[in-house]
Amino acid sequence: MRPMHRNAIIDPVQHEQRSQRSASRGRNEKDTRVTSGTAARGSDGAAEGTGSDHWGPALAPRLAQFAAVARHEHVTRAAQELGMPQSTLSRAMARLEADLGVALFARRGRAVSLTPAGRTFLASTERALAEVERAAESVRADADPAVGKIAFGFLHTLGTETVPGLIRAFRVDHPRVRFQLVQNYGEAMIERLRAGGLDLCLTSPVPDAPDLVARRLDEQRLRLVVPGDHRLARRKRVRLAEAAGELFVTLEPGYGLRRITDALCAEAGFSPRIAFEGEEPETLRGLVAAGLGVALLPPPPVPRPGVAELTVTAPRAVREIGVAWLEGHPDTPPVAAFKRFLLSRRGQLLA
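The following paragraphs examine the structure supplied in this document. Since the structure is predicted, the reported quantities are computational estimates derived from the model, not experimental observations. (Residues numbered from 1 in each chain as written. Predicted model: local features only at pLDDT ≥ 70, side-chain atom pairs only at ≥ 80, totals over all residues. Heavy atoms only, no water.)

It is worth spelling out the sheet that holds strand E14 (residues 307-314) at this point. Note: strands within a sheet are paired through backbone hydrogen bonds, in either parallel or antiparallel orientation. Pairing in this open sheet of four strands is mixed, and the strands run E10-E14-E9-E13 from one edge to the other. If you trace the sheet from one side to the other, it starts and ends with strand E10 (237-239) and strand E13 (295-297), each paired once. The average angle at which neighbouring strand axes cross in this sheet is 45 degrees, direction not considered. Two elements, strand E9 (residues 223-227) and E13, share three bridges in a ladder whose sense is antiparallel. Looking at E13, one finds that leucine 224 is bridged to leucine 296. (Pairing = 2+ DSSP bridges. Helix = DSSP H or I, 4+ residues; strand = E, 2+ residues; numbered from the N terminus. Axes fitted to C-alpha atoms, helices over the stretch in contact; angles between N-to-C directions.)

Below, the structure written as structure tokens:
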């Protein structure tokens, strides 16, 4: 863990010298009354007279200052490390004690030592500062162009071959970039994208929404999948209207492929009779193999026994695959690099 930047402390809280404390407390009480319950601000912007439900905003700027004084047991040396005037730091520590209502230091001139209350407070302060440091290092690492992280969503049907191949090719030039991979159906991924849980997603249909940017990358032909002993099984090609009387097995409503299936059937002049709805295309293939219906599906990663896969000649049965991201959302360097890589694969995404 890298050391914290000591000279980056902002808003040092002013406090009063011992000889001025009682006057300061009186002024704080007056300020608190004037603001009708809102914590007043000192000349340095820190909260004065803060109630117990507002400790975080009031104490946060002073924790690193307190830890530095406790570590050096000397106000002047701590002030030099922090790059701030010794008098300002002295006042900050006195105000911290006044706000907490306890003595944190036993003073001997500018030398100090922790009281029992100070030692207790220091233990929690060091844990809090370490957690902030870890959080800062984490977000910095995620944005690092060499070792950062990309939250990438994609359809289940792209997970067997397409996405592994894409990541393998991308990591040739970016071997240390990390991926958080999320497989889901289209609408769920778009919701997660909007919520900030994804940087990019591959989805179908390509979304059209004002808060999203989407780019078409490729298209994938859909096949009419029928049982191996079906009346159409010996055919190579078929018009979708020839399946108008069949029972269909489909994905559940909300899946992009379900919307495409409904639209293609409507274009062919019929509404499909749904026998089963599922969540995963290969499960649907299994249902077809069991003789429970027919389905419009993308090609399988490996041939499935017990079914015949027919080219649909009319209407043109394809689904468009695109990449989407949130409009106006800033990209980290690794996300920007992966986005450029995906866009460079137009027409070759499914090769």
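That was the structure; now back to the text.
This next bit is on helix H9 (residues 281-289). Residues separated by three or four positions in an α-helix point in the same direction, a consequence of the helix having 3.6 residues per turn. Regarding H9, the residues found buried are Pro281, Leu284, Arg285 and Val288. Down the axis, H9 shows its buried residues gathered within 105 degrees of arc, on one side only. Where H9 starts, the residue carrying a side-chain oxygen 2.9 Å from the main-chain nitrogen of glutamate 282 turns out to be glutamate 280. One or two steps after H9, the chain reaches glycine 291, where phi turns positive at roughly 80 degrees. (Buried < 20%, exposed > 50% of the residue type's maximum accessible area, 1.4 Å probe, protein only. Arc of directions from axis to C-beta. Polar contact = N/O pair within 3.5 Å; in protein donor to acceptor, adjacent residues only side chain to side chain.)

Inspection of the secondary structure puts glycine 186 in helix H7 (residues 186-194). Among the residues examined, glycine 186 registers a relative accessible area of 7% and is labelled buried. C-alpha of glycine 186 to C-alpha of leucine 155: the two residues are 31 residues apart in sequence and 6.8 Å apart in space. In contact with glycine 186, not counting residues within four places along its chain, are Leu155 and Thr203. (Contact = heavy atoms within 4.5 Å.)

Note that all results are geometric; they support no functional claim without further evidence.
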